[in-house]
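Now for the letters of each chain:
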Amino acid sequence: MSVFLADEAATAALAERLQAALPERPAGWTILLNGELGAGKSTLARALLRAMGHEGAVPSPTYTLVEPYQLSGITVYHVDLYRVADPEELRYLGFNELDDGLRLIEWAERAPELQDQADLGIQLDYEGEGRRASFKGLSERGTALAEALSA
Ligand SMILES: Nc1ncnc2c1ncn2[C@@H]1O[C@H](COP(=O)(O)OP(=O)(O)O)[C@@H](O)[C@H]1O
Ligand SMILES: [Mg+2]
């Protein structure tokens with residue numbers, strides 16, 4: 001289940017489709033964004049935040065690990081695990097308490113145990129000048145979402 005993204009605009013369009021396919025208040029959802037440096041994880045996260053109504057800047061959570069966004073009716077937690085070496089650090093981060101909102105997690109492969117808590121995995125890979133996004137359902141509702149995005 002994958003789609004080709006020819007340019008950055010296509011990545012942004014995917015974010016808009018993702019927003020439309022999610023519930024209006026995706027509280028308790030977890031989406032994992034994987035792929036190497038420059039694959040477009042932050043681009044997708046930023047475009048999803050915009051599609052959900054966020055208007056300001058979207059700073060990288062690389063150093064803060066979590067950037068929370070209060071949007072109408074929902075908190076979105078933009079997480080970047082790039083600097084997380086030990087999954088134990090997630091406990092210190094209070095990661096499990098972020099389940100009141102939508103968790104959008106870059107470099108999720110740093111914490112393999114997140115797979116069990118997640119709904120959808122989006123893998124971004126370089127393909128020619130563009131990127132390929134591959135979807136993996138990790139829960140029942142996430143699988144339905146993956147199918148909607150691949151159609
Ligand atoms: N589908 C695409 N095709 C080509 N370039 C893209 C695409 N999507 C995003 N980009 C570009 O690739 C880079 C992705 O950077 P970023 O989103 O920070 O990646 P990551 O967070 O995965 O390290 C940006 O320069 C962006 O303009
Ligand atoms: Mg990034």
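Above this text is the structure in question.
Residues numbered from 1 in each chain as written. Chains lettered and ligands numbered in written order. Predicted model: local features only at pLDDT ≥ 70, side-chain atom pairs only at ≥ 80, totals over all residues. Heavy atoms only, no water.

Visitor: Summarise the pairing of strand β6 (residues 120-127); cite the residues concerned and give the values.
Guide: Sheet analysis places strand β2 (residues 30-34) next to β6, joined by 4 bridges and oriented parallel. For I31, the partnering residue across the bridge sits in β6 and is L120. Summarising the sheet, β6 and strand β7 (residues 130-137) pair through 8 bridges and their orientation is antiparallel. Among the inter-strand pairings, Y126 is bridged to a residue of β7, identified as R131. Two successive antiparallel strands, β6 and β7, enclose a turn made up of 2 residues, where G128 displays a positive phi of approximately 60°. (Pairing = 2+ DSSP bridges. Helix = DSSP H or I, 4+ residues; strand = E, 2+ residues; numbered from the N terminus.)

Visitor: A description of the coordination of the magnesium ion (ligand 2) should follow, citing residues and the corresponding values.
Guide: Coordination of the magnesium ion (ligand 2) by the protein comes from S42 (OG) and E106 (OE), over a distance range of 2.2 to 2.3 Å. Separated by 64 residues along the polypeptide, S42 in helix α2 (residues 41-51) and E106 in strand β5 (residues 102-106) bring together distant segments of the chain. (Donors = N, O, S within 2.8 Å, 3.2 Å for Na, K, Ca; no water.)

Visitor: With reference to specific residues and values, describe the site of ligand 1.
Guide: Near ligand 1 you find 17 residues, and of these E8, G38, K41, S42 and T43 are the closest. Within the backbone of L5, one N or O atom sits 3.0 Å away from a nitrogen atom of ligand 1. Interatomic distance of 2.8 Å between a backbone N/O atom of S42 and an oxygen atom of ligand 1. Starting from 580 Å² of accessible surface for ligand 1 in isolation, the protein chains cover 75%. Of all elements in the fold, only α1 (8-21), α2 and β7 reach the threshold of two or more residues within the shell around ligand 1. By residue number, the principal contributor to the shell around ligand 1 is α2, which donates 3 residues. When grouped by side-chain class, the residues that make up the shell around ligand 1 number 4 nonpolar, 6 polar and 7 charged. (Near = heavy atom within 4 Å. Polar contact = N/O pair within 3.5 Å; in protein donor to acceptor, adjacent residues only side chain to side chain. Areas by Shrake-Rupley, 256 points an atom, 1.4 Å probe, with all protein chains shown as cover. Nonpolar A, V, L, I, M, F, W, Y, C, P; charged D, E, K, R; others polar.)

Visitor: Residue-level account of the packing of aromatic side chains, with values.
Guide: Counting across every chain of the model gives 1 aromatic pair. Measuring from centroid to centroid gives 4.9 Å for Y82 and W107, while their planes differ by 50°, and the two rings are tilted. In this pair, Y82 is assigned in the loop between β4 (74-80) and α3 (89-92) and W107 in the loop between β5 and β6, connecting sequence segments 25 residues apart. You can call Y82 partly exposed: its relative accessible area is 36%. (Phe/Tyr/Trp six-rings, centres within 6.5 Å; stacked < 30°, edge-to-face > 60°. Buried < 20%, exposed > 50% of the residue type's maximum accessible area, 1.4 Å probe, protein only.)

Visitor: Before we move on, can you summarise the sheet that holds β7 with the specific residues and values?
Guide: Pairing is mixed across the open sheet formed by 7 strands, whose spatial order is β1-β7-β6-β2-β5-β4-β3. Across the chains shown, the open sheet's two edge strands, defined by having one partner strand only, are β1 (2-5) and β3 (66-71). Taken over all neighbouring pairs, the strand axes of this sheet differ in orientation by 20° on average, direction set aside. For β2 and β5, the ladder comprises 4 bridges, and the chain directions are parallel. (Axes fitted to C-alpha atoms, helices over the stretch in contact; angles between N-to-C directions.)

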